[in-house]
Amino acid sequence: MSSSQQSKPSPSPLTTNEPGSFAAFSLEQRLPTILDQLIQYADTSVVHALQQLATEMQTGTISALPPAIFGTLDQALQPYIGRNWANMPFLTVELYFYARILLAFGYTAITPIDPFQTAKEAANDQAIAALASQPEYCDPTCEIDKLLHRAVIGNTADLSQHIMPTHEQVTLLIDESEVAKKLLTTGMQRIDLVFDNAGADILTDLLLIRRISPYCTHIVAHVRPYPMFISDMTLVNMKALLEKLLASSIPAARQLGQDITQLLHQNKLILRTSPALGVPANFYDNAALTQAIFGNAELVIFKGDLNYRFFAGDQRWLHTTEKNHLLQHFGRSALCLRTIKSEVLVGLTSEIVDHTRTLRSDWLTCGCYGIIQVFAQ
Ligand SMILES: O=P(O)(O)OC[C@@]1(O)O[C@H](CO)[C@@H](O)[C@@H]1O
């Protein structure tokens, strides 16, 4: 990493007041559409609160969240109270949006209502059924690089997306699967994996966890601390998924459920809810937070787009930023498996950026491009 990059200030955050940005598009179109879909099926008692939120998003300002229900999100929001929604950091306003949806449904720590549970369970059911036609990936000896590629394809399963590409439509812009395979099999003490979506996403992650488990002592897998972004897995969702796998009539699904359950019983796999995954923090330059969440893990696998934003910070990096600039304070290696759905991206060559941009102007948010990207200590 050049000395000039070490001294450079962090790039500016993605905000909703950037005309033509994905953040502005999300506020104007994506998030209201998600709200409309919820209003269609919500009970009368909830509809009013959701409609009030819909109005606030367009003409209102950010209001305080109740303390502690969403970790420290209420504190992270403090500086923005009274601000217009159209003048907010993107990740902060997205997390606030989902927290407000949960409050509209009556979510509390004691009554953790998940308005997205039905959608996630349907996605899990569909992905479990699909295992019957994926014998090569369900083979416990499947090549690791095949599972890494499959994991990126699995990440197209994000229900918060305005479009969802088919498997065949995903092109890898960065494929460091060979480097990743070497890293995953070096015999580490602890590898962490931050889960993302239900459906094909989580199932490809469980297949990958089973495959790499013989090469490391522990795997710590993190789920979201509360429901968000429609598809994101919580501990409740994970427990329900494992029960479905164990009860499945599909042998490969049942075997996966048994193998994951055994890893949990052996304490080789530990499931964790991490409060930091529900606040607009970033890990790359927050050594204390990274240590608190990932402890002595030698490698963290960030699955999906939102987790890339948590790792790199939701900011306007030059896409040609030398990727190991993100390791200055991270204190371990990272592996990012993602279909790209937001404008946060580092480590590309200018040739790849220029060429891909000519193919699709929305290349950063269409979900048709993916990365298997290693940030090695
Ligand atoms: O984490 P995932 O499921 O891969 O993608 C989720 C996400 O990237 O989709 C939207 C577009 O960026 C954002 O709201 C959110 O970060």
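Residues numbered from 1 in each chain as written. Predicted model: local features only at pLDDT ≥ 70, side-chain atom pairs only at ≥ 80, totals over all residues. Heavy atoms only, no water.

Colleague: So what's going on with the packing of aromatic side chains? Residues and values would help.
Modeller: Counted according to the given criterion, the structure contains 16 aromatic pairs. Where phenylalanine 294 meets phenylalanine 302, the ring centres are 5.8 Å apart and the plane angle is 90°; that geometry is what we call edge-to-face. Taken together, Phe283, Phe294, Phe302, Phe311, Phe330 and Phe375 form an aromatic cluster joined through their ring pairs. Over the aromatic face of phenylalanine 330 sits the side chain of arginine 332, whose NZ or CZ is 5.8 Å from the ring centroid. (Phe/Tyr/Trp six-rings, centres within 6.5 Å; stacked < 30°, edge-to-face > 60°. Lys NZ or Arg CZ within 6 Å of the ring centre and 35° of its normal.)

Colleague: Tell me what's going on with the domain arrangement of the chain, and back it up with residues and numbers.
Modeller: When its domains are assigned, the chain resolves into domain 1 (22-105) and domain 2 (117-375). Using C-alpha coordinates to define each centre, domain 1 is positioned 26 Å away from domain 2. On the domain 2 side, the residues contacting the 15 residues of domain 1 number 18 residues. The contact between domain 1 and domain 2 buries some 1,600 Å² in all, and 73% of this surface belongs to carbon and sulfur atoms. At the boundary of domain 1 with domain 2, the tally comes to one salt bridge. As a salt-bridge pair, glutamate 94 and arginine 309 come within 2.7 Å of each other at their nearest N and O atoms. Linking domain 1 with domain 2 are three residue pairs in polar contact (both at pLDDT 80 or more), by the criterion used here. (Domains from an automatic or database assignment. Contact = heavy atoms within 4.5 Å. Buried area = accessible area lost by both parts, 1.4 Å probe. Salt bridge = Lys/Arg side-chain N within 4 Å of Asp/Glu carboxyl O. Polar contact = N/O pair within 3.5 Å; in protein donor to acceptor, adjacent residues only side chain to side chain.)

Colleague: Give a description of unusual backbone geometry that names residues and reports values.
Modeller: Unlike most non-glycine residues, phenylalanine 229 shows phi in positive territory, near 50°. By relative accessible area, phenylalanine 229 is classed as buried at 5%. Despite not being glycine, isoleucine 230 has its phi angle at roughly 65°, a positive value. (Buried < 20%, exposed > 50% of the residue type's maximum accessible area, 1.4 Å probe, protein only.)

Colleague: Describe the packing of helix α6 (residues 117-130) against helix α11 (residues 235-246), with residues and values.
Modeller: Each pair of packed helices can be described by the angle between their axes along with the distance between the axes. Across the interface, α6 lies against α11 with an axial gap of 11 Å and an inter-helix angle of 30°. For the element pair α6 and α11, the recorded crossing hand is right-handed. Judged by residue contacts, Gln117, Lys120, Glu121, Asn124, Asp125 and Ile128 of α6 engage Asn237, Ala240, Leu241, Lys244 and Leu245 from α11. In terms of residue class, the contact of α6 with α11 is built from four nonpolar, three polar and four charged. (Axes fitted to C-alpha atoms, helices over the stretch in contact; angles between N-to-C directions. Helix = DSSP H or I, 4+ residues; strand = E, 2+ residues; numbered from the N terminus. Left-handed = near helix turned anticlockwise from the far one by under 90°. Nonpolar A, V, L, I, M, F, W, Y, C, P; charged D, E, K, R; others polar.)

Colleague: Pulling in residues and values, what's your account of the site of the ligand?
Modeller: Not every one of the 16 residues close to the ligand is listed here, only the nearest: Glu94, Asp196, Asp305, Arg309 and Lys341. Within the side chain of arginine 30, one N or O atom sits 3.1 Å away from an oxygen atom of the ligand. Contact between the ligand and leucine 306: an oxygen atom at 2.8 Å from a main-chain N or O atom of the residue. Burial of the ligand by the protein chains amounts to 100% of its free accessible area of 380 Å². At the level of elements, α2 (22-41) and α14 (305-312) are the ones that each hand at least two residues to the shell around the ligand. Per element, the largest residue contribution to the shell around the ligand is three residues, and it comes from α14. Residue composition of the shell around the ligand, by class: three nonpolar, six polar and seven charged. Counting contributing residues per domain, the shell around the ligand is built from domain 1 (22-105) and domain 2 (117-375), each supplying no fewer than three. (Near = heavy atom within 4 Å. Areas by Shrake-Rupley, 256 points an atom, 1.4 Å probe, with all protein chains shown as cover.)

Colleague: A description of the pattern of salt bridges should follow, citing residues and the corresponding values.
Modeller: All told, the structure shown has 21 salt bridges when counted by the stated rule. When the shortest N-O distance is used, the salt bridge between lysine 120 and aspartate 114 registers 2.7 Å. The same class applies to lysine 120 as to aspartate 114, namely buried. One salt bridge in this structure joins glutamate 176 and lysine 323, with 2.9 Å as the shortest N-O distance. A residue pair is termed long-range when its members are at least 10 positions apart, and glutamate 176 in the loop between β1 (171-175) and α9 (177-184) and lysine 323 in the loop between α14 and β6 (333-339) qualify at 147 residues. The class for glutamate 176 is partly exposed, based on a relative accessible area of 22%. Ionic contacts of the salt-bridge type, sharing partners, join the residues Arg30, Glu94, Arg309 and Asp314 into one network.

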